[in-house]
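Structural overview
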Amino acid sequence: MPSAPLGIAVVGTGKMGADHVRRLTSVIGGARVAAVADVDAERAKDVAGPIDGCTAHTDPAAAMAAPGVDAVLIASSGPAHESALLEAFRRGLPVLCEKPLTPDPGGALRVLEAETRLGRRLTQVGFMRRYDAEYVRLKALLDEGGLGRPLFLHCRHRNASSPSFFTTEMLIRDSVVHEVDAARWLLGQELTAVQVLRPRPSSYAPEGLGDPQLVLFETAGGAVVDVEIFVNCGFGYEVRCEAVCERGAASTGAGTGPVVRSGGRWGGELPQDFTARFADAYDREVQAWVDATRRGDVEGPSTWDGYMAAVVCEAGVRAQRSGERVPVEPALERPGLYA
Ligand SMILES: NC(=O)c1ccc[n+]([C@@H]2O[C@H](COP(=O)([O-])OP(=O)(O)OC[C@H]3O[C@@H](n4cnc5c(N)ncnc54)[C@H](O)[C@@H]3O)[C@@H](O)[C@H]2O)c1
Ligand SMILES: O[C@H]1[C@H](O)[C@@H](O)[C@H](O)[C@@H](O)[C@H]1O
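Remember, it's a predicted structure, so these values are computed and weren't measured experimentally.

Rules of the game
Residues numbered from 1 in each chain as written. Chains lettered and ligands numbered in written order. Predicted model: local features only at pLDDT ≥ 70, side-chain atom pairs only at ≥ 80, totals over all residues. Heavy atoms only, no water. 1 Å grid on protein atoms, 1.4 Å probe; cavity = no way out; pocket = protein on both sides within 12 Å on 5 of 7 lines; lining within 4 Å. Points joined across faces, edges and corners; volume = space filled by probe spheres on them. Helix = DSSP H or I, 4+ residues; strand = E, 2+ residues; numbered from the N terminus. Nonpolar A, V, L, I, M, F, W, Y, C, P; charged D, E, K, R; others polar. Near = heavy atom within 4 Å. Polar contact = N/O pair within 3.5 Å; in protein donor to acceptor, adjacent residues only side chain to side chain. Areas by Shrake-Rupley, 256 points an atom, 1.4 Å probe, with all protein chains shown as cover. Sits in = over half its atoms within 2 Å of the grid points. Buried < 20%, exposed > 50% of the residue type's maximum accessible area, 1.4 Å probe, protein only. Axes fitted to C-alpha atoms, helices over the stretch in contact; angles between N-to-C directions. Parallel < 35°, antiparallel > 145°, perpendicular 65-115°, else oblique. Left-handed = near helix turned anticlockwise from the far one by under 90°. Contact = heavy atoms within 4.5 Å. Pairing = 2+ DSSP bridges. Right-handed = clockwise from strand over helix to strand, strands pointing away. Phe/Tyr/Trp six-rings, centres within 6.5 Å; stacked < 30°, edge-to-face > 60°.

Observations regarding the layout of surface pockets
- The space that makes up the largest pocket amounts to roughly 1,300 Å³.
- Lining the largest pocket are 49 residues, and of these M16, S76, S77, F165 and D174 sit closest to its centre.
- Breaking the lining of the largest pocket down by element, the ones donating at least two residues are α1 (15–26), α3 (60–64), α4 (81–90) and α7 (168–187).
- Taken together, the residues of the lining of the largest pocket break down into 22 nonpolar, 16 polar and 11 charged.

Given below as structure tokens:
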């Protein structure tokens, strides 16, 4: 492994980007933030200011061209990912791209085609559930086979509240996209069809937001995946997954914090957002990316995984609108680069 730290350009310095900058500078090893970019110049300056030698830009391409940049972490809003990814590819820079790869399958396909033309993988997609300790153990249990063939994955994905720009489509493209990737990875199967059930929206959901929903996926191996997505549950951030198999069941996300007894009651605490619930997973994800990049490797969720997630979510949005069962139809087979 080279001794010099990996110089990183961070594109997008909002909630996630700023958290990744903190992680790169003070939690994980082997990396330094060489440049940041955000269309909001003040935000970029605020984040770059305290970091020695870090330059601030409004144009992602300028940040990628800054001295000492070896790799790119993209944490801008989803619709801005495609152009940043294509710019990184033009420069031959390895990328960690926050989920979703792109919100739409058209953009994801253009990214896939560009990487395939390069003939080598440059991208790891930020599906951090694959780095969460409990998800990793669940995956190992399913792979060992002792529980038998998986029949169901029951998933719950709850956010305390949704940001003001959140739309009904985003329940699928921005939130359920995590379960789409986690289910494909845990089961080692493609998702083949989707239906969406929509109860009368919660009266605490913002006007016009169809929240919550129940999303049902069929898989190529005959399992069924159900996801309760509820982005204004009010009480905290909760992500759970239970695999029910022929000989047993296993689950993640029960919460293992201290149980407090006081004043005649007992209970624990719920994290309020993803930065708390998945802090360790993000640390492991980013450290794994930095280590692999310094070795000249690319690992983890690939552009193909990002593309398939976008295709499944597109079917999900069509199912959301029509109330029908919608088949998942990728435009191509998995290219050899992602075998
Ligand atoms: N893995 C996870 O659990 C997780 C959690 C939250 C967000 N995310 C993802 O991280 C990304 C950022 O989300 P966030 O919550 O930080 O959003 P945010 O709105 O807080 O930050 C996004 C930032 O990107 C900037 N931006 C927008 N377009 C840009 C462009 N063309 N060039 C440069 N900067 C641009 C915005 O000004 C903003 O500062 C999204 O892709 C989101 O889906 C992932
Ligand atoms: O962008 C965020 C993020 O991906 C979180 O992990 C998820 O719980 C939210 O629903 C989503 O809006």
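What to know about empty space enclosed by the protein
- Applying the stated rule across the entire model yields one cavity of 30 Å³ or more.
- Roughly 30 Å³ of internal volume is contained in the largest cavity.
- Considering the residues around the largest cavity, the lining is formed by P94, L122, Q124, W289, A292, T293, D297, V298 and E299.
- Among the elements that line the lining of the largest cavity, the one with the most residues is helix α9 (residues 279–295), at three residues.
- Partitioned by chemical class, the residues of the lining of the largest cavity number five nonpolar, two polar and two charged.

Thoughts on the site of ligand 2
- For ligand 2, the full set of nearby residues is K99, H157, N159, F166, D174, S175, H178, Y237 and F274.
- One of the side-chain N or O atoms of S175 is found 2.7 Å from an oxygen atom in ligand 2.
- For ligand 2, the accessible surface in isolation is 300 Å², of which the surrounding protein chains cover 87%.
- According to the grid-proximity analysis, the pocket containing ligand 2 is the largest pocket.
- Considering each element in turn, the shell around ligand 2 owes the most residues, three residues, to α7.
- Of the residues belonging to the shell around ligand 2, the class tally is three nonpolar, four polar and two charged.

Focus: the environment of V39
- In this structure, V39 sits in the loop between β2 (31–37) and α2 (41–48).
- By relative accessible area, V39 is classed as exposed at 77%.
- Note: C-alpha distance between V39 and G12 (27 residues apart in sequence) is 7.8 Å.

Things to note about the site of ligand 1
- Taken together, 23 residues sit near ligand 1, with M16, D38, R43, K99 and Y282 positioned nearest.
- One of the side-chain N or O atoms of R43 is found 2.5 Å from an oxygen atom in ligand 1.
- K99 has a polar side-chain atom sitting 2.8 Å from an oxygen atom of ligand 1.
- Burial of ligand 1 by the surrounding chains reaches 82%, relative to a free accessible area of 840 Å².
- More than half of the atoms belonging to ligand 1 lie within 2 Å of the grid points that define the largest pocket.
- At the level of elements, α1 and α7 are the ones that each hand at least two residues to the shell around ligand 1.

Focus on the packing of helix α5 (residues 105–118) against helix α10 (residues 303–322)
- Where α5 contacts α10, the two axes come as close as 9 Å, and the packing angle between them is 160°. One finds that α5 runs roughly antiparallel with respect to α10. In terms of crossing hand, the pair formed by α5 and α10 is left-handed. In this structure, α5 uses P105, A108, L109, V111, L112 and E115 to contact α10, whose residues at the interface are T303, W304, Y307, A310, V311 and E314.
- Looking at the contact of α5 with α10 residue by residue, the class counts come to nine nonpolar, one polar and two charged.

Brief notes about the packing of helix α6 (residues 133–144) against α7
- The interhelical angle for the contact between α6 and α7, taken along N-to-C directions, is 35°, at an axis separation of 9 Å. On the side of α6, the interface is formed by Y135, V136, L138, K139, L142 and D143, while α7 contributes A182, W185 and L186.
- Of the residues that constitute the contact of α6 with α7, the class distribution is seven nonpolar, no polar and two charged.

Here's the deal with the pairing of β2
- Buried residues dominate β2, accounting for six of its seven residues.
- One ladder, built from six bridges, connects strand β1 (residues 6–11) with β2; its direction is parallel. Across the sheet, the residue bridging to V11 is A37, located in β2.
- Handedness of the β-α-β unit built from β1, α1 and β2 comes out right-handed.
- Strand direction decides the pairing type here: β2 and strand β3 (residues 55–57), joined by three bridges, are parallel. What sits directly across from A37, in β3, is H57.

Digging into the packing of aromatic side chains
- Under the definition given, this model contains three aromatic pairs.
- An angle of 75° between the planes, with centres 6.1 Å apart, marks the rings of Y237 and F274 as edge-to-face. With Y237 in the loop between β10 (224–230) and β11 (238–245) and F274 in helix α8 (residues 274–277), this residue pair connects regions lying 37 residues apart in the sequence.
- When its relative accessible area of 4% is taken as the criterion, Y237 is described as buried.
- Take F274: its relative accessible area is 27%, and that puts it in the partly exposed class.
- Judged by centre distance (6.3 Å) and plane angle (90°), the rings of Y237 and F278 are edge-to-face. Taken together, the positions of Y237 in the loop between β10 and β11 and F278 in the loop between α8 and α9 put the pair 41 residues apart, joining distant regions of the chain. Taken individually, Y237 and F278 each receive the classification buried, so the pair is uniform in this respect.
- Each residue in the set Y237, F274 and F278 is aromatic and connected to the rest through ring pairs, giving one cluster.

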